Each structure stands twice: as C-alpha cells, then as structure tokens.
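Residue-level listing of the chains:
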Amino acid sequence: MKDLPSFELLVDSFAKLPGVGRKSAERMASAVLDMPQEDAEQFSKSLIDAKNRIHPCPNCGLFTEKDTCFYCADESRDHSLCIVVARPKDADAFEKIGVLNCVYHVLGGLLNPAKGIGPEDLAIDHLVERIQNEGIKEIVLAMNPTIEGETTSLFLAHALAAVAPEVKITRLGYGLPMGASLDYADALTLQKALEGRKSL
Ligand SMILES: [Zn+2]
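Residues numbered from 1 in each chain as written. Predicted model: local features only at pLDDT ≥ 70, side-chain atom pairs only at ≥ 80, totals over all residues. Heavy atoms only, no water.

Time to look at the sheet that holds strand β7 (residues 198-199). As summarised here, the arrangement of the five strands in space is β4-β3-β5-β6-β7, forming an open sheet in which the pairing is mixed. Where the open sheet ends on each side, the last strands, each with one partner, are β4 (102-106) and β7. The pairing of strand β3 (residues 78-85) with β4 spans five bridges and is parallel. Paired with D78 across the strands is C102, a residue of β4. Along the sheet, helix α6 (residues 124-134) contacts β3, β4 and β5 (138-141); its crossing angle with β4, the most-contacted strand, is approximately 155°. Across the face of the sheet, helix α7 (residues 147-163) comes into contact with β3, β5 and β6 (168-171) while running at roughly 170° to β6. (Pairing = 2+ DSSP bridges. Helix = DSSP H or I, 4+ residues; strand = E, 2+ residues; numbered from the N terminus. Contact = heavy atoms within 4.5 Å. Axes fitted to C-alpha atoms, helices over the stretch in contact; angles between N-to-C directions.)

Okay, structure coming up:
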C-alpha cells in the first residue's frame with residue numbers, strides 16, 4: 001500500500017512487539033483497518049489503559065493495578081519463602097506450575113558489566129530490607145541459566161550471606177539447559193528444578 005503514512009506508523013508500532021516481523025506487522029495493521037470502528041477504539045483504549053494503570057508493586061516489583069500486588073497482599077501465602085527473579089514474567093512461570101505458595105522479588109534485570117549494569121542498578125538493597133522487615137527465611141535465586149544469570153546468582157549469594165547469614169539461600173537445581181529462558185521452560189522441568197533446589 002502506497003502513500004499511507006498512518007498505516008506505516010501502525011506497522012512500525014506492531015513491529016516493535018516481540019516476535020513480530022515486518023510482514024506480520026503489516027497483516028496486523030491491515031486487520032485493524034478491517035475492524036469495526038468500535039473495536040479499533042476499544043483496542044487503542046485498552047493499550048493506553050494498561051500502560052496507565054499497571055505499575056510495579058512498590059514491595060516486590062511484580063505488576064499490579066493496586067497499591068500492593070496480589071501476591072504481597074495475600075496473607076495465605078508463605079511470606080517467609082521468596083523467589084528472586086530478574087523480570088516480572090519469570091514469576092509467572094512459577095505461578096503456572098503452582099508448587100510454592102510463596103512471594104517474589106523482582107531485581108529488574110541481571111548484572112552485565114559489558115552493558116554497564118551493576119549491582120546498584122538492581123533492586124538488591126530493597127531485597128535486603130525485605131529480608132529484615134518481612135521475616136524471609138529462604139531466598140530461591142531463580143535467574144535464567146545464562147552467563148548473566150549465573151553471575152547475578154553468585155553475586156547475590158555472597159552479598160546476602162554477608163548481610164543476612166541466617167537466611168537460607170538456594171538456587172534452582174539442574175535440569176534447565178544453559179542459555180534457556182525460564183518463561184519457555186516446560187512445567188515439569190521447572191518443577192524439578194524447584195524441587196531440586198540447592199543451598200548455596
Ligand atoms: Zn508485591
């Protein structure tokens with residue numbers, strides 16, 4: 001289609017989504033043109049509403065639309081067991097298998113000296129505060145099995161052992177292939193990795 005700058009902008013927007021190439025983005029933009037006006041307006045409204053209303057939980061960093069997230073607010077959960085993840089979507093992987101009725105802590109990334117991401121860029125101080133304030137007894141380090149994930153796990157294990165020696169620090173057991181991503185791991189592999197978690 002020629003001379004349709006609005007269409008091109010829409011294609012550019014869809015192409016920013018993960019896993020969407022130019023061809024797919026063009027198909028999506030065409031589908032928007034075919035939508036009833038009402039559906040297109042609802043589509044754009046839901047995008048803006050989600051962006052405006054959803055924010056990180058000030059306590060754990062998972063997404064919420066309220067003051068505190070679903071997990072932190074749930075008193076029936078075991079608040080003494082905390083799975084530490086790099087990104088909010090990694091917590092979803094554990095929630096899907098539903099083995100541990102625990103709470104979470106999102107670091108906001110992984111250590112990566114090449115990209116200039118150091119400990120001060122991650123929510124580590126806040127994790128230490130939570131250990132002290134919330135009676136956390138076990139921390140499960142659940143980073144993706146990549147070089148950055150390993151580096152971050154080792155750093156955290158040392159840092160936490162120094163400031164909170166009473167807390168048990170574990171990491172996921174073997175079974176996750178190196179370079180894998182937690183959100184793509186199948187439920188059984190993830191469950192075995194969790195059950196086989198090892199003390200550091
Ligand atoms: Zn929370």
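This next bit is on the coordination of the zinc ion. Around the zinc ion, the protein supplies C57 (SG), C60 (SG), C69 (SG) and C72 (SG) as donor atoms, at distances of 2.3 Å. In the primary structure, the donors to the zinc ion are separated according to the pattern C-x2-C-x8-C-x2-C. For the residue pair C69 and C72, the accessibility class agrees, reading buried in each case. (Donors = N, O, S within 2.8 Å, 3.2 Å for Na, K, Ca; no water. Buried < 20%, exposed > 50% of the residue type's maximum accessible area, 1.4 Å probe, protein only.)

We now examine the domain arrangement of the chain. Segmenting the chain into domains produces domain 1 (5-53) and domain 2 (63-199). The distance between the C-alpha centroids of domain 1 and domain 2 comes to 34 Å. (Domains from an automatic or database assignment.)

Here we take up the packing of α6 against α7. Between α6 and α7, the least distance of the axes is 11 Å, while the angle of their chain directions is 40°. If you check the angle between α6 and α7, you find them oblique. Where α6 crosses over α7, the two elements pack in a sense that is right-handed. In this structure, α6 uses I124, L127, V128 and I131 to contact α7, whose residues at the interface are F155, L156, L160 and V163. Looking at the contact of α6 with α7, its residues break down into eight nonpolar, no polar and no charged. (Parallel < 35°, antiparallel > 145°, perpendicular 65-115°, else oblique. Left-handed = near helix turned anticlockwise from the far one by under 90°. Nonpolar A, V, L, I, M, F, W, Y, C, P; charged D, E, K, R; others polar.)

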